[in-house]
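Survey of secondary and tertiary structure
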Amino acid sequence: MRCRICGAKLAKEGDICSNCYKLYQEEEKLKDDVNERLVVKRKYSIKYNLLRYMWVILVLVLSIIVCISSAQFLASLGLVCLSFVIMGLLLFLDKRIAKGTKAVFYDTKVVYQFHFWVINTDKTVKYENITEALIYKPSFSQKRTNLGDLCVYAKGTLPGATLLNGFQIKNVEDPETVLEQISEIINS
Ligand SMILES: [Zn+2]
């Protein structure tokens, strides 16, 4: 007899080995945990985007002024339209990404979701596997809008390398408070 899941030889009659059974039990226990304690989302902020793309906007505005002052009205009209299209597209993308990003903290686990276009990422991390939760040093635009990037490292993740087991949520509102709440939940 061999284990139905991992193929290990079974000492006595049965379907699955004790290792796989233990994992199965743990998974079931994790599924039973449905007590939502905190939802962390990526914030969509127009102010942040305007600050972030300040230089692009400035260059476009200057170009438009130059066009108008040299009586190239058609070109300035084209630039105005182009500016609106670019900004609209950037805002639309950011809004869609923000809508599809969240992390739900339960009693014993956190479930991270990233749904955007064809990408569907769902990740469950047990608190006992979390090694560190932190907020990255905020950028200029983030500081002005009280946003920050939340990063949760899990076991098996090398610092600086890609986030194998952890996850990251950009532009979390009021990041310091959120981090405090997370630490409290994780360590309780
Ligand atoms: Zn097995």
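Residues numbered from 1 in each chain as written. Predicted model: local features only at pLDDT ≥ 70, side-chain atom pairs only at ≥ 80, totals over all residues. Heavy atoms only, no water.

With respect to the packing of aromatic side chains
Taken as a whole and judged by the stated rule, the model has four aromatic pairs. Ring geometry for Phe105 and Tyr127: centres 6.4 Å apart, planes at 20°, overall stacked. With Phe105 in strand β2 (residues 101–105) and Tyr127 in the loop between β4 (119–126) and β5 (130–135), this pair connects stretches of sequence that are 22 residues apart. Here Phe105 matches Tyr127 in class, with each residue buried. The ring of Tyr106 has Lys109 lying over it, and the distance from NZ or CZ to the ring centre is 4.9 Å. (Phe/Tyr/Trp six-rings, centres within 6.5 Å; stacked < 30°, edge-to-face > 60°. Helix = DSSP H or I, 4+ residues; strand = E, 2+ residues; numbered from the N terminus. Buried < 20%, exposed > 50% of the residue type's maximum accessible area, 1.4 Å probe, protein only. Lys NZ or Arg CZ within 6 Å of the ring centre and 35° of its normal.)

Focus: the domain arrangement of the protein chain
Taken domain by domain, the protein chain holds domain 1 (35–41 + 101–187) and domain 2 (47–96). Between domain 1 and domain 2, the residue contacts involve eight residues of the former and seven residues of the latter. Each partner contributes to the roughly 680 Å² buried at the junction of domain 1 and domain 2, and carbon and sulfur atoms together form 68% of this total. For the domain 1 face of the interface with domain 2, the top three residues by lost area are Phe116, Ser141 and Thr145, together amounting to 52%. Applying the counting criterion to the domain 1 and domain 2 interface returns zero residue pairs in polar contact (both at pLDDT 80 or more). With five residues, the top contributor of residues to the side of domain 1 that touches domain 2 is helix α5 (residues 140–145). Residue composition of the side of domain 1 that touches domain 2, grouped by class: three nonpolar, four polar and one charged. (Domains from an automatic or database assignment. Contact = heavy atoms within 4.5 Å. Buried area = accessible area lost by both parts, 1.4 Å probe. Polar contact = N/O pair within 3.5 Å; in protein donor to acceptor, adjacent residues only side chain to side chain. Nonpolar A, V, L, I, M, F, W, Y, C, P; charged D, E, K, R; others polar.)

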